[in-house]
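Inside the fold
Residues per chain, in single letters:
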Amino acid sequence: MVGVGMTKIDRHYDKDMRSLAAEAALKALDDTKGADPKAVVVGNMMSSSLYQQDSLGALVADAIGLRGRGALKVEASCGSGGHAVAVGYSLVASGLYDQVMVVGIEKMCDYPTSVVTAGLAQAADAEYEVVYGASFAALNALVMRLYMSRYGAKRESIALWPVMMHENAVHNPYAQLRFRVTVEAVLRSPVIADPIRLLDAAPIGDGAAALILASEEVARKLSDAPVLIAGVGMGSDALDLASRQDLLDPISIRYAAKQAYAMAGIEPRNVDVAEIHDAFSITALLSIEGLGFAEPGKSWKELEEGRYRPGDKPSLNPSGGLKARGHPVGATGVYQVAEIAMQLRGDFPGIKCGGEIGLAMNTGGVATLTTVIVLRR
Amino acid sequence: MRMSPARVWRARGSRYRLEASRCKDCGRTVYPPRPVCPYCRSRNVEIVELPRKGRVVTWTVQYTVPHGYRSKAPLILAIVELENGTRVFSELVDVEPEEIREGMEVEAVLRKVYEDGDEGVIVYATKFRPIKTG
């Protein structure tokens, strides 16, 4: 990885997809010594459902002056960004191209919440879940209630996650929600889908992030501090929740992590800093357990013990995570990889964790489509 | 959701009669039906009707609803484990949120789930209601 760029996550009413994507992509180009990407991979979820816009690869490539180069969109709902990075990586690793641009872009703020909720629900099973009116929050709420019941997890302990995320985001200039919250505020916030409350959920926001990937030989020419993509893994689970063997066993995360760890030759305990998927507080718990940072059913206990703060190993979501950095769905996975690259380079503009080995985990649906990407300095 | 008559017609077995696929090799049943058994990858599957009684495994009361469902908010959605162990996702009806308990016994009923505008297709599907005792 030779260049990264991102925009602040916000309500960008003044910017369309072209200008928002270009802002991040041009920053990434300027972060290199004259990169010339031969293809563009775009991570995005809702351009089709909200903007009636497909062919997004062409829209982005043309907007950043790369007309003529190969371009495509990768969709894996909220995991689109991570999957776009995996595709971009494979285009370079296969030898097809020596330089590839990956851009994550999502605009969500132009429509009322009920319309965005319907768009996000398309991550779930249309025929057997969404037809009942199920929202994405409701499906996660089913998992959260089961988690609390099986493991005896306390509601106030789970609320420690959003509190930590908001604390971290205060320092991140790119974050959407730069204010602190308390456990009491989380427990008093409005119920979206019981037991999930507003402050358990990632906000709706617009954002774009970009990376430039290059083969090892070219990377040394384009950057003084290239970051190595040491491991890549992908995994899936049943589209619908009811047919899963165990709702609390996130197999897509476990499969993706196993591949990425094996490829990088590391174990979970070697990870210094990670950006993990926490669209809801319950998602954070399953991500921590699926990645092997905690035993199944134990992550909420680790939160009680103050784990995962900046300086811990691993430090989790120094950006503020989806919860407070923000979650422009199809762009999130690209933000995470860019943030981890900056952590390893030492130039992340928020809380710096440093370290040698970083990890980014992004998932779409209720841990339905997952990528795990391991980075090394 | 945009619904077409053919789309609704295709799902009549699974939505109205709770048809699932049973694997003739490993014996497990999964809903909705699939061409290949997700547990053992066998293609040797048959369509069976599921039992119409079960227990609530987990549930939620959903206040923020998608476009088109506003008149039905809040929705009570649940995963129900049927008498043969197969789990289905559905809506709970004829019950107040505070009455629901894990393990509560419920039975299947056919109800309307969605109207596609004033003149579009009306979608019906199986929902669950508490079994009244005594």
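The preceding data block contains the structure.
Residues numbered from 1 in each chain as written. Chains lettered and ligands numbered in written order. Predicted model: local features only at pLDDT ≥ 70, side-chain atom pairs only at ≥ 80, totals over all residues. Heavy atoms only, no water.

Things to note about the overall build of chain B
The helix and strand tally for chain B stands at 2 helices and 8 strands. Along chain B, helices (α) and strands (β) appear in the sequence α-α-β-β-β-β-β-β-β-β when read from the amino end. With respect to the three principal axes, the spread of C-alpha positions in chain B is 45 × 40 × 25 Å. Burial analysis of chain B (134 residues in total) assigns 43% to the buried set. Contacts in chain B between residues far apart in sequence, at least 24 positions, make up 48% of those at least 6 positions apart. Taken as a whole, chain B presents about 7,300 Å² of accessible surface, with 45% of it coming from carbon and sulfur. Computing the positive centroid from 24 side-chain charges and the negative centroid from 18, chain B places the two 7 Å apart. (Helix = DSSP H or I, 4+ residues; strand = E, 2+ residues; numbered from the N terminus. Buried < 20%, exposed > 50% of the residue type's maximum accessible area, 1.4 Å probe, protein only. Contact = heavy atoms within 4.5 Å. Areas by Shrake-Rupley, 256 points an atom, 1.4 Å probe, with all protein chains shown as cover. Lys, Arg positive; Asp, Glu negative; His and termini not counted. Charge placed at Lys NZ, Arg CZ, Asp CG, Glu CD.)

Thoughts on the packing of helix H6 (residues 136-151) of chain A against helix H12 (residues 281-290) of chain A
All names here are of chain A. As a packed pair, H6 and H12 sit with axes 9 Å apart at the nearest point and diverge in direction by 65°. Relative to H12, the element H6 is oriented roughly perpendicular. The hand of the H6/H12 crossing is left-handed. The residues of H12 that touch H6, namely those facing Asn 140, Val 143, Met 144 and Tyr 147, are Ile 282, Thr 283, Leu 285, Leu 286 and Glu 289. (Axes fitted to C-alpha atoms, helices over the stretch in contact; angles between N-to-C directions. Parallel < 35°, antiparallel > 145°, perpendicular 65-115°, else oblique. Left-handed = near helix turned anticlockwise from the far one by under 90°.)

Focus: the pattern of salt bridges
Residues and elements named next belong to chain A. Summed over all chains, the structure comprises 34 salt bridges over all chains. Between Asp 62 and Arg 67 there is a salt bridge, with its nearest N and O atoms 2.5 Å apart. Linked through salt bridges whose partners overlap, the residues forming this network are Asp 31, Arg 345 and Asp 347. (Salt bridge = Lys/Arg side-chain N within 4 Å of Asp/Glu carboxyl O.)

Remarks on the side chain of Thr368(A)
Residues and elements named next belong to chain A. Within the secondary structure layout, Thr 368 lies in the loop between strand E11 (357-364) and strand E12 (369-376). For Thr 368, a relative accessible area of 6% puts it in the buried group. A distance of 2.9 Å separates polar atoms of two side chains, one belonging to Thr 368 and the other to Arg 244. Here Val 366 takes part through its backbone nitrogen, which lies 3.1 Å from a polar atom of the side chain of Thr 368. (Polar contact = N/O pair within 3.5 Å; in protein donor to acceptor, adjacent residues only side chain to side chain.)

Regarding the nonpolar core
Core analysis: the largest hydrophobic core is formed by 120 residues, its most contacted members being Met101(A), Trp161(A), Leu291(A), Phe293(A), Leu359(A) and Phe89(B). Among the elements that take part in this core, H6(A) stands out by supplying 11 residues, more than any other. With residues up to four places along the chain from it excluded, the contact list for Leu291(A) reads Ile253(A), Ala257(A), Tyr261(A), Pro268(A), Ile276(A), Leu359(A), Met361(A) and Val372(A). The next biggest cluster of nonpolar side chains, apart from the first, holds 35 residues, and it includes Ile9(A), Leu91(A), Leu213(A) and Ile229(A). (Core = buried A, V, L, I, M, F, W, Y, C linked by side-chain atoms within 4.5 Å.)

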